[in-house]
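Summary of structural features
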There are 2 protein chains.
Amino acid sequence: MTVVTLARLAGVSHSTVSRALNGDPRISSATRERITAIAIDQGYMPDALARTLSGGRSGLIGLVLGPVENPFYISMLQEVVAQAAVRGLRPLILHLGAGSAEEDTLRALHQYRVDGCLVTSAQLSSDIADLCGRRGVPVVMLNRVTRLHASSVSSDNIAGAEQMAHFLLSEGHRSFAFVGTDTASSTAQEREEGFCRALSTAGFGVTRFSGQSSSWLGGFAAGEEIASLPQDARPHAIFAVSDIMALGVIDALRRHGLRVPEDVSVAGFDDIAEASRPTYNLSTIAQPLVTMVQRGMDLLLARIRNPDLPHETVLLRGRLVARGTTRPRMIQDKL
Amino acid sequence: MTVVTLARLAGVSHSTVSRALNGDPRISSATRERITAIAIDQGYMPDALARTLSGGRSGLIGLVLGPVENPFYISMLQEVVAQAAVRGLRPLILHLGAGSAEEDTLRALHQYRVDGCLVTSAQLSSDIADLCGRRGVPVVMLNRVTRLHASSVSSDNIAGAEQMAHFLLSEGHRSFAFVGTDTASSTAQEREEGFCRALSTAGFGVTRFSGQSSSWLGGFAAGEEIASLPQDARPHAIFAVSDIMALGVIDALRRHGLRVPEDVSVAGFDDIAEASRPTYNLSTIAQPLVTMVQRGMDLLLARIRNPDLPHETVLLRGRLVARGTTRPRMIQDKL
DNA sequence: TTGAAAGCGTTACCAC
DNA sequence: GTGGTAACGCTTTCAA
C-alpha cells in the first residue's frame, strides 16, 4: 500500500494523493475526502523513511542518557517517551549508561537523520553537543548546562539548594554536612555551591563528605563515615546532592543505630519515587520533571523547525517538599 | 558526502563505490583500497534510510517495555542497548510503561521498517506479537511467553521457584507464604506455581498474600498484612514473586519490629542491584540477564535473516543466591 | 485544481 | 571488473 497504489485506486496521480494526505490547500475538498477515505479504508501509512529521504524530517529524536543508577533519570526517560509519542516523535536511543560512545553515537545521529537530540548525560554533554552542533542537529540538554551549541532546561539548582539551606536553618540546625561525589557534574556543583554559599552567608560552615558515585552506594559510604563520627562532631543536618544518595546516607545512619530525623536530619534533591516511601519519607527539593521535559521538547521542536533560533537556557524553580527526615532541632538542643 | 560524490572523487561510477564499500568480491583490490581510502578520508557514512528504502534492512529494532517500576527491566533495557550496539543495531523505543499503545506502536513498527522486535511487557505481549506476526516482523519475547507468532527467552521460573522452595525447606522452615499480585503475568504465575507445587509435594501449604502492583509498594502492603498476623500464624518463610516486592515486604516487617531473618525469612526472584545492598542482602534466584539478552538477540537476528525459522522457546536456568534474609530455622525452634 | 517528472542515497540487475 | 539504469516511496518543483 503506497501512494502509487492509492493513486490507482482513486484514479488520480500519486502527486495528488501526496498533496491530499498532507493537507495541501490546492486540492479540492471533494478529491481530498475521497482519497482520505480510500487511504483509511486501505490502512495506508506513509513510509517514514521514504519521506525523510525525500527531504523531510525523520521524526526521530536521539536520546543520550547517562548512568541509570539514579532513578530520577528513569522517570525522565519515561516522561520523554510519553511526551514524544504525543508529539508524533520517536525516541531513538543513541546512548545509555556510563562511558562515552562518541563514534557510535555520531554515526547513528548521521545515518538515521535524527531531527534533534535530547541529552541528559553528565559526561557526554559537551562532546555530544559539540558533535551535533557541527552537524547542524539541534540539541537540548535536560538538567545539564553547556555553553556550546545547545539550549538547555534545568531546574534552578542553586536556588533549590539555597532554599534547602534556609529551611534547615529555620528548623534550628546549626551544623551541616554536604554529601556528594568527587567527579562533580554541573548539576552537582551548583547544588553544592548554592547550599554552601547560603550557609556561609548565615555564618555557618559545611563539612563535605563524598562517595565514589552518585548512587545509593556512594551515599551509603558517606553515611557510614558520618555515623562513625564522635557525637559532638556529628552534623545536625545533612544535605545530599541527590535523593538516591540521601537514601544511602539514611540507611547507613540507621544501620549504625542513629535515628533519622531524631538524631540527624537528612534531605535530598530530585524527589524520586523512592523518596516518598513510608520507610524513608524524605525531605527534598522536587524537580518539576513534567514541565522540564515539556519545555525541553518545545525548545527542541522549535529549533528543528527553525535551526537559526538562538540558544536558550530555561531555569525552572523546584519546590521544597518537607517530609519526615528533617525536623526542628530545638527539642534536642534543650535536652 | 554520498556515493555519488565519492564516485566523482575516485573517478569511478557510484555502483563501483557501493560495491567496493560493501565488499563485493568482483571489485579489484586496487580499486577497493583506493575507494576505501577516499571514503575514510572524507568521513563518509552510508545513509541508513536510503539503504533501507532500497530494499535493505533498517538496522532498527523495536523495543516494547513494560512498567519500569521494577528495576529488573531497567537492567534489561541497559543490557539490550549495550548488546544492540555491539551488533550494529539501534533500539527504537516503541513503547514504555503501563497501558497499551497498540495503534501507535503498530504505526511506528511499520513506518520505520523495524527489522525485528524485542518485547518485555506482560500486558502487551500477546497483542504485539500478533501484530508483528501479521506484518512479518520477527518478535522475540524476553521473560515472557506467548504461543503466537513469536520466539521467547525466559528463565525457568518454575524450576527456580521450586529450587527456592527446596532451599527454604532444607533450612527447616515449615510454614510458608507467597507474595504476588492479583493480575498475574505468565512469569508470576509460573513462579507461584513452582513454589506451591514443590511445597505441596512435600506436604506443606502456602498462604497467599497480594499487593496491588508488582512494585515495592505492593510488597510493602503485603508485608504489613503479614506483620499484623498473630505470632503463631506468622509464616516462617516468605517468597515474593520479585525482588522489588520482597524488598517492600522486608521494609514492612522491619517497620513493625520484626527482624529479618531472625523472625521471618524472606526471599525474592530476579537479583536486582538493590538486592545486594548491605541493608537488604536479599536471598534470591538470580536471572541470567546477560545470557537472556544474548540469546534473545541471537534468536531475533537469526529470524531477521531467515523469517521462516520455526519459533523457538529458550529456557534458562536461574541460580540460587543465598544471602542474608534467609537462615536455618532450627535455632528458633529450640527457643 | 491536477499531472508529469525530477530528485533524495542506496542497492541490484544487466550489459559491456 | 566496471558502468549505466532502474527501483525503493515519497515530496516538490514546474507545466498545464
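None of these values were measured; they are calculated from a predicted model.

What about the UniProt feature "domain: HTH lacI-type" (unreviewed entry) in chain A?
Residues annotated in UniProt with the feature "domain: HTH lacI-type" (unreviewed entry) correspond here to residues 1-55 of chain A. Strand forms 0% of residues 1-55 of chain A and helix 64%; the C-alpha atoms that close the span are 21 Å apart.

A few points about the relation of the copies chain B and chain A
Note on the identical chains: chain B maps onto chain A by a rotation of 180° and an axial translation of 0.0 Å, with an RMSD of 0.1 Å. Here the two chains are linked by the operation of a two-fold rotation axis. Proximity to the rotation axis, assessed at the C-alpha, singles out Leu92(B) in chain B; its C-alpha lies 2.4 Å from the axis. By residue overlap, the copies meet face to face through one surface: 100% of the interface positions of chain B are interface positions in chain A.

Structural notes on the protein's contact with DNA strand D
Lining the immediate surroundings of DNA strand D are 26 residues, of which Val3(A), Tyr44(A), Thr16(B), Arg19(B) and Arg26(B) lie closest. Backbone atoms, meaning sugar and phosphate, form 57% of the atoms of DNA strand D found within 4 Å of the protein. In the model, a phosphate oxygen of DNA strand D is placed 3.2 Å from a nitrogen or oxygen of the Asp47(A) main chain. One of the side-chain nitrogen or oxygen atoms of Thr16(B) is found 2.2 Å away from a phosphate oxygen of DNA strand D. Residue assignment for the surface near DNA strand D shows that the elements contributing at least two residues are helix H2 (14-21) and helix H4 (48-53) of chain A together with helix H2 (14-21) of chain B. Considered class by class, the residues forming the surface near DNA strand D number seven nonpolar, 13 polar and six charged.

Quick notes on the side chain of Ser154(B)
Within the element layout of this structure, Ser154(B) appears in strand S5 (residues 151-155). Excluding residues within four positions of it along the chain, Ser154(B) makes contact with Asn143(B), Arg144(B), Val145(B), Met292(B), Val314(B), Leu315(B) and Leu316(B).

Quick look at the interface of chain B and chain A
With 42 residues of chain B at the interface, the matching set in chain A holds 42 residues. Of the roughly 4,100 Å² buried between chain B and chain A on both sides combined, carbon and sulfur atoms contribute 66%. Linking chain B with chain A are three salt bridges, by the criterion used here. Between Asp47(B) and Arg113(A) there is a salt bridge; the shortest N-O distance is 2.6 Å. On the surface where chain B and chain A come into contact, there are 15 residue pairs in polar contact (both at pLDDT 80 or more). Class assignment of the residues belonging to the side of chain B that touches chain A gives a composition of 25 nonpolar, eight polar and nine charged.

Quick word on the pairing of strand S9 (residues 265-270) of chain A
Residue and element names in this part refer to chain A. Most of S9 is tucked away, with six of its six residues classed as buried. Where strand S8 (residues 237-240) meets S9, three bridges bridge the pair, whose relative direction is parallel. When the bridges of S9 are listed, Phe239 appears paired with Ala267. Following the backbone out of S8, through helix H11 (residues 243-255) and into the adjacent parallel S9, one traces a crossover that is right-handed. Here S9 runs beside strand S10 (residues 283-286); their pairing, made up of four bridges, is parallel. Looking across to S10, one finds that Ala267 is bridged to Ser283.

Digging into the state of the cysteines
Under the counting rule described, the total for this entry stands at zero disulfides over all chains. Left without a disulfide partner, Cys132(A) is nearest to the cysteine sulfur of Cys117(A), which lies 3.9 Å away.

Re the pattern of salt bridges
Tallied over the full model, the rule gives 21 salt bridges over all chains. We note a salt bridge from Asp298(A) to Arg87(A), for which the minimum N-O separation is 2.5 Å. You can see Asp298(A) sitting in helix H12 (residues 289-305) and its partner Arg87(A) sitting in the loop between helix H5 (71-86) and strand S2 (90-96), a full 211 residues away along the chain. The residue Arg197(B) makes a salt bridge to Glu193(B) at a minimum N-O spacing of 3.8 Å. Of this pair, Arg197(B) and Glu193(B) both sit in helix H9 (residues 186-201), four residues apart, which is roughly one turn of that helix. Look at Arg197(B) and you get partly exposed, because its relative accessible area is 41%. Among the charged side chains, a salt-bridge network with shared partners connects Glu162(A), Glu193(A) and Arg197(A).

Description of the nonpolar core
Counting 146 residues, the largest nonpolar core has Leu253(A) and Leu253(B) as its most contacted members. Those residues in contact with Leu253(A) that sit more than four places away from it in its chain are Gly223(A), Ile226(A), Ala227(A), Ile238(A), Leu258(A), Val260(A), Val264(A) and Val266(A). Val64(A), Ala108(A), Leu92(B) and Ala150(B) belong to the second largest nonpolar core, which has 44 residues in total.

Some words on the sheet that holds strand S12 (residues 319-321) of chain B
The strands that make up a sheet pair up through hydrogen bonds in the backbone, lying either parallel or antiparallel. Residue and element names in this part refer to chain B. One open sheet holds the six strands; their spatial order is S7-S6-S8-S9-S10-S12, and the pairing between them is mixed. Each end of this open sheet is capped by a strand with a single partner; those strands are strand S7 (206-211) and S12. Each strand of the sheet is rotated relative to its neighbour by a mean of 20°, with strand direction disregarded. Across the sheet, H9 lies against strand S6 (176-181), S7, strand S8 (237-240) and strand S9 (265-270), angled at about 170° from S6, the strand it touches most.

Considerations on empty space enclosed by the protein
Going through the model one piece at a time under the given rule, you end up with three cavities of 30 Å³ or more. Every residue along the wall of the largest cavity is listed here: Ala48(A), Leu49(A), Thr52(A), Ser58(A), Leu60(A), Tyr112(A), Leu49(B), Thr52(B), Ser58(B), Leu60(B) and Tyr112(B). Mapped by element, the contributors of at least two residues to the lining of the largest cavity are H4 of chain A together with helix H4 (48-53) of chain B. Top element by residues in the lining of the largest cavity is H4(A). It accounts for three residues.

A few points about the packing of aromatic side chains
Residues and elements named next belong to chain A. Tallying each qualifying case throughout the model produces twelve aromatic pairs over all chains. Ring geometry for Phe195 versus Phe239: centroids 4.6 Å apart, planes at 35°, classification tilted. Taken together, the residues span a long stretch of sequence, with Phe195 in helix H9 (residues 186-201) and Phe239 in strand S8 at a distance of 44 residues. For the residue pair Phe195 and Phe239, the accessibility class agrees, reading buried in each case. Here the aromatic rings of Trp216 and Phe220 are separated by 4.7 Å at their centres, their planes lie at 15°, and the arrangement is stacked.

Quick notes on the rules
- Residues numbered from 1 in each chain as written.
- Chains lettered and ligands numbered in written order.
- Predicted model: local features only at pLDDT ≥ 70, side-chain atom pairs only at ≥ 80, totals over all residues.
- Heavy atoms only, no water.
- UniProt positions renumbered as here; feature names shortened; annotations may be inferred.
- Helix = DSSP H or I, 4+ residues; strand = E, 2+ residues; numbered from the N terminus.
- Least-squares fit on C-alpha atoms with pLDDT ≥ 70 in both.
- Contact = heavy atoms within 4.5 Å.
- Near = heavy atom within 4 Å.
- Polar contact = N/O pair within 3.5 Å; in protein donor to acceptor, adjacent residues only side chain to side chain.
- Nonpolar A, V, L, I, M, F, W, Y, C, P; charged D, E, K, R; others polar.
- Buried area = accessible area lost by both parts, 1.4 Å probe.
- Salt bridge = Lys/Arg side-chain N within 4 Å of Asp/Glu carboxyl O.
- Buried < 20%, exposed > 50% of the residue type's maximum accessible area, 1.4 Å probe, protein only.
- Pairing = 2+ DSSP bridges.
- Right-handed = clockwise from strand over helix to strand, strands pointing away.
- Disulfide = S-S within 2.5 Å.
- Core = buried A, V, L, I, M, F, W, Y, C linked by side-chain atoms within 4.5 Å.
- Axes fitted to C-alpha atoms, helices over the stretch in contact; angles between N-to-C directions.
- 1 Å grid on protein atoms, 1.4 Å probe; cavity = no way out; pocket = protein on both sides within 12 Å on 5 of 7 lines; lining within 4 Å.
- Points joined across faces, edges and corners; volume = space filled by probe spheres on them.
- Phe/Tyr/Trp six-rings, centres within 6.5 Å; stacked < 30°, edge-to-face > 60°.

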